[in-house]
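Observations on the three-dimensional arrangement
What follows is each chain in one-letter form.
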Amino acid sequence: MAALLKPRPIAAAILVLGSGAMLALNWPGQMSWDSVAQLSDGRSGAYNSWHPPVMAFLLGLFDRLLPGPGLYLLFQAALLLAALLTLLWLVPRPGWRSVAVALAIMLTPQMALLQGEIWKDILFANAAIAGFAALALAERHWRAPWIVLAALLLALAAATRQTGVVLLPVAAVTAGLIARRHARPGWRWGLGFLAATLALGLAVTLILAARGDRGEGAAAQIRLAQSYDLAGAYARDPRLSLPLGQDDPALERLLKTRGAALYTPLRNDPLAADPAISAAIGAVPGAVLGRSWQALAMDHPGLYLRVRWGAFRAVVTSPDGQACHYAPVGVGGDPARLKALGLVAQVRPQDRALAWYARLFFHTPVYAHLFWIALALIVLAQLGRQGAIALSGLIVGALVFVLTFVIVSIACDYRYLVPLDLAAMAAALGASGRRDA
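These figures come from a predicted structure and were not determined experimentally. (Residues numbered from 1 in each chain as written. Predicted model: local features only at pLDDT ≥ 70, side-chain atom pairs only at ≥ 80, totals over all residues. Heavy atoms only, no water.)

**Comments concerning the overall build of the protein**
Of regular secondary structure, the protein possesses 23 helices and zero strands. The C-alpha radius of gyration computed for the protein amounts to 23 Å, which stays within 12% of the reference 22 Å derived for 437 residues, consistent with globular compactness. Projecting the C-alpha coordinates of the protein onto the three principal axes gives extents of approximately 75 × 50 × 45 Å. In the protein, the proportion of contacts linking residues at least 24 apart, taken out of those at least 6 apart, comes to 78%. Accessible surface for the protein amounts to roughly 18700 Å². Of this, 68% is attributable to carbon and sulfur atoms. In the protein, 36 positive and 22 negative side-chain charges are present, and the distance between their average locations comes to 12 Å. (Helix = DSSP H or I, 4+ residues; strand = E, 2+ residues; numbered from the N terminus. Rg over C-alpha atoms; globule rule 2.2 N^0.38 Å. Contact = heavy atoms within 4.5 Å. Areas by Shrake-Rupley, 256 points an atom, 1.4 Å probe, with all protein chains shown as cover. Lys, Arg positive; Asp, Glu negative; His and termini not counted. Charge placed at Lys NZ, Arg CZ, Asp CG, Glu CD.)

Given below as structure tokens:
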């Protein structure tokens, strides 16, 4: 009994019970329009090219065992719980601070609600944290299986999120440093780790994409992002002259008038939802938009950076709880898909309770990515003093991932940077040992 009252078992119990409560309250999962679409793709086995196919594949795999997203939610949650328990087990001298950190983690809406969302952002975060937790095991006890497990998990993360590939070089350097600490050729292990994870992630994506709709999802996303930047530039400088004026004068007029009026750095939805703009962007050859976007970036770098900075600042600060979707709950999507899947559009009483709970944190640092960036940097400094390679790699990878939004951000949805929040939490737990022991 005395052993159970020690800090490590108590912290572990908090993590397990908290994860169980999250599953019970969210089961079988909060589902947005995209979630429903990907479950539909997974059940049919034909993947929409708008999303990386691995999440739809996993949804379909688990759906065949138990219809619906429930088993997928369990798998997603198990990745993070296993990672947190691993990091807690690796804490050399856990004290009551470890208990406090575990409790604080489980009380955040990022755990209580957002872990219940059927989103690729959550799968990406959980797989990445689990991958670095496996590297932490290798750091403590060098075993090839830990390296293999880390490679599999990080390849899954990279295949889940388009920009998730930036984690792999960071993880490769981390693996190399860990190998060198154990008197092995670090550069060989690092390069091998990078090659293996890149090859595995690419292979999974290509194999699954062969069963896709062969549509223009990626090309459409690029056109959407480029037109968003062009509209932002025209909104800031109506006299801006770009090749679009010669290539497609009608589209240029549309972006300078309706596009500039609808533009907001918070999100691209008003622009994309406009029928005239949407039709014009869909009809224009990608090379036409690409030429003007390149001219904006190369010939007007100051203006381009102002446009990008506005969008990046929006995703980092998430200034509007409603526009940035702080706490979406319930099930919603295309009615025909919902009916085919046997789902009902609804917001249940427990969903409302979760949304109410999340709202308690809206105007606190808990719902501020800048707070988590600051915490991550503080923990990184502490980890550096401790010589903790894997957890330092986790934080560096999360921060590099954040920087990708300087280029790709088109909306301020809070979920996009939840991987940063969760990485900071996990690293704080791993660094929570007693300093005076």
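**Quick notes on the side chain of glutamate 139**
As for its position among the elements, glutamate 139 is in helix 7 (residues 120–140). Here the side chain of glutamate 139 touches isoleucine 389 through a polar contact of 2.8 Å, landing on its backbone nitrogen. When neighbours within four sequence positions are excluded, glutamate 139 is seen to be in contact with Ile178, Arg181, His182, Gly387, Ala388, Ile389 and Ala390. (Polar contact = N/O pair within 3.5 Å; in protein donor to acceptor, adjacent residues only side chain to side chain.)

**Here's the deal with the nonpolar core**
Residues Leu135 and Phe193 are the most contacted members of the largest nonpolar core, which totals 119 residues. A per-element tally of this core places helix 7 first, with 15 residues. With residues up to four places along the chain from it excluded, the contact list for leucine 135 reads Ile147, Ala150, Leu154, Ala171, Thr174, Ala175, Ile178, Phe193 and Ala390. (Core = buried A, V, L, I, M, F, W, Y, C linked by side-chain atoms within 4.5 Å. Buried < 20%, exposed > 50% of the residue type's maximum accessible area, 1.4 Å probe, protein only.)

**Describing empty space enclosed by the protein**
Throughout the structure, instances matching the rule amount to three cavities of 30 Å³ or more. Size it by volume and the largest cavity reaches roughly 70 Å³. Along the walls of the largest cavity sit Phe124, Ala125, Ala128, Ile129, Leu167, Leu394, Gly397, Ala398, Phe401, Pro419 and Ala423, which together make up its complete lining. At the level of secondary structure, the elements contributing two or more residues to the lining of the largest cavity comprise helix 7, helix 21 (389–403) and helix 23 (418–430). Its boundaries defined by the atoms lining it, the second largest cavity holds a volume of some 50 Å³. Around the second largest cavity sit Gly18, Ser19, Met22, Ala77, Leu80, Leu81, Leu84, Met106, Met111 and Gln115, which together line it. Broken down by secondary-structure element, the contributors of at least two residues to the lining of the second largest cavity are helix 1 (7–26) and helix 4 (70–90). (1 Å grid on protein atoms, 1.4 Å probe; cavity = no way out; pocket = protein on both sides within 12 Å on 5 of 7 lines; lining within 4 Å. Points joined across faces, edges and corners; volume = space filled by probe spheres on them.)

**Quick look at a nonpolar patch on the surface**
On the surface, a nonpolar cluster with roughly 370 Å² of combined accessible area is contributed by Trp27, Leu65, Leu66 and Leu74. Mapped onto the elements, tryptophan 27 comes out in the loop between helix 1 and helix 2 (33–44). (Patch = residues over 30% accessible without salt bridge, like charges linked within 9 Å, V, L, I, M, F, W, Y side chains within 5 Å. Salt bridge = Lys/Arg side-chain N within 4 Å of Asp/Glu carboxyl O.)

**A closer look at the side chain of glutamine 226**
Here glutamine 226 lies in helix 11 (residues 217–236). Leaving out residues up to four positions away in the same chain, glutamine 226 has contacts with Gly286, Leu289, Gly290 and Trp293.

**Examining the pattern of salt bridges**
One pass over the full model with this rule turns up twelve salt bridges. Two residues, arginine 43 and aspartate 63, come together in a salt bridge whose shortest N-O distance is 2.8 Å. Highlighted residues: arginine 43 in helix 2 and aspartate 63 in helix 3 (residues 53–65), separated in sequence by 20 residues. Aspartate 274 is the salt-bridge partner of arginine 258, the closest N and O atoms lying 2.3 Å from each other. Within this pair, whereas arginine 258 is found in helix 13 (residues 249–262), its partner aspartate 274 is found in the loop between helix 14 (269–273) and helix 15 (275–283), the two being separated by 16 residues in sequence. Accessibility expressed as a relative area gives 7% for aspartate 274, which makes it buried. Salt bridges linked by common partners bring Asp121, Arg161, Arg267, Asp269, Asp413 and Arg415 together as one network.

**Digging into the environment of alanine 287**
Mapped onto the elements, alanine 287 comes out in helix 16 (residues 286–299). By relative accessible area, alanine 287 is classed as exposed at 52%. With 40 residues separating them along the chain, alanine 287 and aspartate 247 place their C-alpha atoms 10.0 Å apart.

**Quick word on the layout of surface pockets**
Reported here for the second largest pocket is a volume of approximately 440 Å³. Taken together, 24 residues form the lining of the second largest pocket, with Leu90, Pro92, Gln386, Ala388 and Gly430 sitting closest to its centre. Counting only elements with at least two residues in the lining of the second largest pocket, the list comes to helix 4, helix 7, helix 20 (369–386) and helix 21. When residues in the lining of the second largest pocket are grouped by element, the largest group, four residues, is from helix 20. Residue composition of the lining of the second largest pocket, by class: eleven nonpolar, five polar and eight charged. (Nonpolar A, V, L, I, M, F, W, Y, C, P; charged D, E, K, R; others polar.)

**So, the packing of aromatic side chains**
Evaluated as defined, the whole model comprises 15 aromatic pairs. Ring centres of tyrosine 357 and phenylalanine 361 lie 5.2 Å apart, and the angle between their planes is 65 degrees; this geometry places the pair in the edge-to-face category. Assessed through its relative accessible area of 18%, phenylalanine 361 is described here as buried. The interplanar angle of 85 degrees and the centroid separation of 5.2 Å between the aromatic rings of phenylalanine 362 and tyrosine 367 together place this pair among those described as edge-to-face. Both residues of the pair, phenylalanine 362 and tyrosine 367, belong to the buried class. Of the aromatic side chains, those joined through ring pairs into one cluster are Phe124, Phe401, Phe405 and Tyr416. Lying over the aromatic face of tryptophan 119, arginine 415 brings its terminal NZ or CZ to 4.9 Å of the ring centre. (Phe/Tyr/Trp six-rings, centres within 6.5 Å; stacked < 30°, edge-to-face > 60°. Lys NZ or Arg CZ within 6 Å of the ring centre and 35° of its normal.)

That's the geometry; what it means functionally is another story.
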